[in-house]
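Coordinates in review
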Amino acid sequence: MKRLDNEVRVLLLDGLGGPMTRRGFLKRAGAAGLLVGASGFLAACGGSESSSTTAAGGGGEISEELFFYNWSDYIDEETLPNFETEYGTKVVYDNYSSNDDLLAKLQSGASGYDIIVPTDYMITTMLGLDLIQEIDLDNIPNVANLYPRFREAPFDPGNKYSIPWQWGTTGIGYNSVKVPDFRPSWDMLWDEKYSGKITMMSEIRDVFAVALFRLGYDPNTRDAAQIEEAKQMLIEQKPLLKHYSSSTYIDELASEDSYLSHGWSGDVFQAQLDNEDVMYAVPEEGSLTWVDSMCIPKGAPHKYTAEVFMDYVCRPEVAAAISNYVFYASPNEAAEEFILPEILEDPQIYPAQETMDKLSFLEELGTDTELYNQAYQELRAS
Amino acid sequence: MSKTPANRGAEGGTSSAIFEKHGDPLSRAMARLRGHSFAVANLLMAPTMLWLVLFLMLPLGVILVYSFGSRGTYGDVILGFSFDNYLRAFNPTWLPVILRSFGFAALATVFTLVLGYPLAYFIAVYGGRRKNMYLIMVMLPFWTSYLIRTYSWIVILRSQGVINTVLQSMHIIDNPLDLLNTPFSVVLGLTYGFLPFMTLPLYSSLEKLDKSLIEASWDLGANRVWTLLRVTIPLSMPGVIAGTLLTFIPAVGDFVTPDLLGGPNTMMIGNLIQQQFLSARDWAYGSALSFSLMAILLLGIFFYVRKAGTENLA
């Protein structure tokens, strides 16, 4: 089957005239529907016999399959089918719902995935644990489309290991009818009037960042006294909470089981779709920003195809299509012209510059992470 | 059941004949040492033993080794030999969590027993031709993911959920009751989730119960209540013990139910351990916590079974 595949390739190459790289060929082939059909069919016939991809030196072959492990509800409906048609490969798409799940899966041995989408600080962790590998940027010319701040992000300057997927902020989702006196301040999550209607996320560092911002401290502090102070502040808040959860607050905001939720921007927008009273704000004390980025795990079976996919995602139209569907901001500057104006002009998604200045990334703190872990356990056990 | 000894005898005979024929001195010695049927029993046990060693003893061994290690810079496990994790595990901070876990599990066990006993009794005594159908109905929930079943409780209990909507529309209450994210919802979830674990062993012991003993009790002048208290319940104790153990032990370590149905003050030991393996990424500490919990449970079970009478478990 593979031999036949190669013969057809040679035939097609002749037909298109002139030698070219495999990727170039496929791109051109993508334009001609008939050829795509043929290559897609052949890929399907290839079955389990995966082509040996040697990504060394920038070249390589498109594999028959690509294993993509992404967050749930994080892609539009066209991006994968279009990629499959254009490149004649089959994308096997699996989902996870937290960085911790993703890390546990990678740590437990070869996962077999070609692309994973960890969050900024987790990239540092995975690098430290030697779980991801360097990307060949020669295969990703479209990386030039990204905003400069995502080309020089603190956790991966120069995109050596990661290509950003989508970014957003952490803030407060609130019900504008039930909370008429809302101000963009973390103080709202300590307002006794809304006791029992407030939820916090369950990510350790995210929870502490709220209290640290409220206290005016750095969310990446390594100072035990500041962390202790934050813990006391969170213990004070505990009687007012409905619960700590990062998975159910979308529904709760939508169903008015909670009025004030500490959460991720895009999640709150999902609640907005079901309940138009739900709004989102980034508190003025400052907040976290995050970016989920595509990485290639060590031992990924199809590195070259993964890089081709990353390049594909960096195309302005593709990046825009994802943002237009999932309501997170795109790291792709060139995509701006294809992004729906209501998204691009929405300060909840693309914050104003003065808000941007107050956003920080979470940093991996190595052994000092223990300080947060211990404090969080004490908070939850109390 | 009555055929088993005969079968065992027959098999024992065959195998010993084989051993004699081959004249393997070791096998002969073993056979003489343990009795013929023992060799067959060992052979029959081999797959189970292999399974237990590969999938229970080995992982437990790994956890034991990890529990003496420490957390690396990025959350990896650094092997070593220190009791630090155990010292941290027996920390007064966790006392409320431990007490809560045992309290919730005990309540859930009592509730499953109170709900499960009449159910099992009904199926065993009055089930008749429909017995199998009733049993399938008890087991039916197992065919759906536990996660989905727990999520459906969220839909039932939340402030705009089934219960509150009905009560409000009937004007029984004005404001929705806080049912979800409370100790109540966690115990409810545990009770619901473990009910079949209680009902099935109760059923099997009530099913085997010799009905003539109940008739004898009536003949001798005991009324129905007295018969239940002095004959039926004591004779079904093996089922009660098995059911309570099958409910209590997993309930103590459960983390899904408090995670989904719980509130800010319902953290259980299972959540604490889960957090070490996921968000805190301190596998060494999580392993030590797991082993400590296991030790406490084993000790508890030991005394429980001893007090309840080991022979009853047969």
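You'll find the structure just up there.
Residues numbered from 1 in each chain as written. Chains lettered and ligands numbered in written order. Predicted model: local features only at pLDDT ≥ 70, side-chain atom pairs only at ≥ 80, totals over all residues.

Below, the discussion takes up the overall build of chain B. Each helix and strand in chain B was counted, giving 15 helices and two strands. In chain B, the proportion of contacts linking residues at least 24 apart, taken out of those at least 6 apart, comes to 68%. (Helix = DSSP H or I, 4+ residues; strand = E, 2+ residues; numbered from the N terminus. Contact = placed C-beta atoms within 7 Å.)

With that settled, the discussion passes to the interface of chain A and chain B. You'll often see interface size given as the accessible area lost when the parts meet. Between chain A and chain B, the contact holds 25 residues from the first and 26 residues from the second. Of all the elements in the fold, those that place two or more residues in the side of chain A that touches chain B are α5 (99–107), α6 (120–128), β7 (241–244) and α16 (369–381) of chain A. Taken together, the residues of the side of chain A that touches chain B break down into six nonpolar, ten polar and nine charged. (Nonpolar A, V, L, I, M, F, W, Y, C, P; charged D, E, K, R; others polar.)

This brings us to the nonpolar core. Considering soluble globular proteins, one finds that nonpolar side chains tend to be buried as a cluster. One finds I115 and F208 of chain A to be the most contacted residues of the largest nonpolar core, which totals 100 residues. For this core, the leading source of residues is helix α8 (residues 204–214) of chain A, giving eight residues. Both domain 2 (61–162 + 295–348) and domain 3 (168–288 + 352–381) of chain A contribute no fewer than three residues apiece to this core. Contacts of F208 of chain A, omitting those with residues within four sequence positions, involve I227, A230, Y372 and Y376 of chain A. Within the second largest apolar cluster, 48 residues are counted, among which are Y66, F104, Y192 and M267 of chain B. (Core = buried A, V, L, I, M, F, W, Y, C linked by C-beta atoms within 7 Å. Buried ≥ 20, exposed ≤ 12 C-beta atoms within 10 Å, placed from the backbone. Domains from an automatic or database assignment.)

Attention now goes to the sheet that holds strand β2 (residues 90–96) of chain A. Residues and elements named next belong to chain A. Here we have three strands laid out as an open sheet, ordered β2-β1-β3, and parallel in their pairing. Each edge of the open sheet carries a strand with a single partner, namely β2 and β3 (115–116). For strand β1 (residues 65–71) and β2, the ladder comprises seven bridges, and the chain directions are parallel. Pairing of F67 across the sheet is with V92, part of β2. (Pairing = 2+ DSSP bridges.)

Right, let's talk about the packing of helix α5 (residues 95–126) of chain B against helix α12 (residues 237–253) of chain B for a bit. Residue and element names in this part refer to chain B. It is the contact of α5 with α12, at a shortest axis distance of 9 Å, that shows an interaxial angle of 145°. Seen from above, α5 lies across α12 with right-handed handedness. Listed contacts from α12 to S101, F102, A105, A106, A108, T109, T112, L113 and G116 of α5 are V240, G243, T244, T247, F248, A251 and V252. Looking at the contact of α5 with α12, its residues break down into nine nonpolar, seven polar and no charged. (Axes fitted to C-alpha atoms, helices over the stretch in contact; angles between N-to-C directions. Left-handed = near helix turned anticlockwise from the far one by under 90°.)

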